[in-house]
Amino acid sequence: MSSNNETSFQKKIDAEIKIEPKDWMPDKYRSHLIRQISQHAHSEVIGMQPEGNWITRAPSLRAKMVLIAKVQDEAGHGLYLYSATETLGITRDELISQLHTGEAKYSNIFNYPTLSWADIGAIGWLVDGAAIVNQISLQRTSYGPYARSMVRICKEESFHQRQGYQIMMTLTQGSHEQKAMAQDALDRFWWPSLMMFGPHDAESAHSAQSMKWKIKRQSNDELR
């Protein structure tokens, strides 16, 4: 019976039919989604922290307002993604517990310190830019709730990237010290931003199966 279920499941995937919460799915598909979507949710919530730390130090009232709006968006993204993960039969408390114990991961880029206001620009331009490349692809992921959450998240991330680009452009038109600040932030965040796409395909433990199930629609190397 399980073999028949798996065959019909793969046929739906191949036919580009979304998998919904009440549909039959292999246990490994479910666990793979829980791992990936919860990691995405945790990254949104952890990513608020280095930026939230700069709200009181933003250089103008407008910059404060824009940064507050961005941090608020990221809280919303975390909520959308936790809700999508809960449709797979795991509770919010379990997800948060996994984050606290280290069982669940989040994007390592948020462990890098934000040393200057230019870092907020580099994060918006480079880090959110890398996120958009990945998330546009995920709008076509095979699991319905995940794909639908990505539509709104991508629209809001485009605002985040524009915010970061504007900060960097403003600094590059400023004083020698401001230009140096922008260059330093760019230098420090360039490689970590590329690493957001994960390891090379040949070194990735989950990529091949994820591509077969169309959880991922493009490989790490293609995205990079």
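Residues numbered from 1 in each chain as written. Predicted model: local features only at pLDDT ≥ 70, side-chain atom pairs only at ≥ 80, totals over all residues. Heavy atoms only, no water.

Focus on the nonpolar core
- Within the largest apolar cluster, 23 residues are counted, with the highest numbers of intra-cluster contacts made by Leu67, Trp117, Ile120, Val127 and Phe189.
- Put simply, the parts of the chain that give this core at least two residues each are α3 (61-86), α5 (117-138), α6 (144-172) and α7 (176-194).
- Sorting elements by how many residues they give to this core places α5 first, with 7 residues.
- When residues no more than four places from it in sequence are discounted, the contact partners of valine 127 are Ile109, Phe110, Ala122, Phe189, Ser193 and Met196.
- Leu95, Tyr146, Trp213 and Ile215 belong to the second-largest nonpolar core, a separate cluster that totals 22 residues. (Core = buried A, V, L, I, M, F, W, Y, C linked by side-chain atoms within 4.5 Å. Buried < 20%, exposed > 50% of the residue type's maximum accessible area, 1.4 Å probe, protein only. Helix = DSSP H or I, 4+ residues; strand = E, 2+ residues; numbered from the N terminus. Contact = heavy atoms within 4.5 Å.)

Regarding the packing of helix α2 (residues 27-52) against α6
- Running from amino to carboxyl end, α2 crosses α6 at an angle of 25 degrees, the nearest separation of the two axes being 13 Å. Overall, the two elements α2 and α6 adopt an arrangement that is roughly parallel. The way α2 lies across α6 gives a crossing that is left-handed. The segment α2 lies against α6, with Leu33, Gln36, Ile37, His40 and Glu44 engaging Tyr146, Met150, Ile153 and Glu157. (Axes fitted to C-alpha atoms, helices over the stretch in contact; angles between N-to-C directions. Parallel < 35°, antiparallel > 145°, perpendicular 65-115°, else oblique. Left-handed = near helix turned anticlockwise from the far one by under 90°.)

A closer look at the packing of α6 against α7
- Where α6 meets α7, the axes come as close as 7 Å, and the angle between the chain directions of the two elements is 140 degrees. On the basis of the axis angle, α6 is oblique to α7. Contacts between α6 and α7 pair Met168, Leu171 and Thr172 from the former with Gln178, Lys179, Met181, Ala182 and Leu186 from the latter.
- Here the residues of the contact of α6 with α7 sort into 5 nonpolar, 2 polar and 1 charged. (Nonpolar A, V, L, I, M, F, W, Y, C, P; charged D, E, K, R; others polar.)

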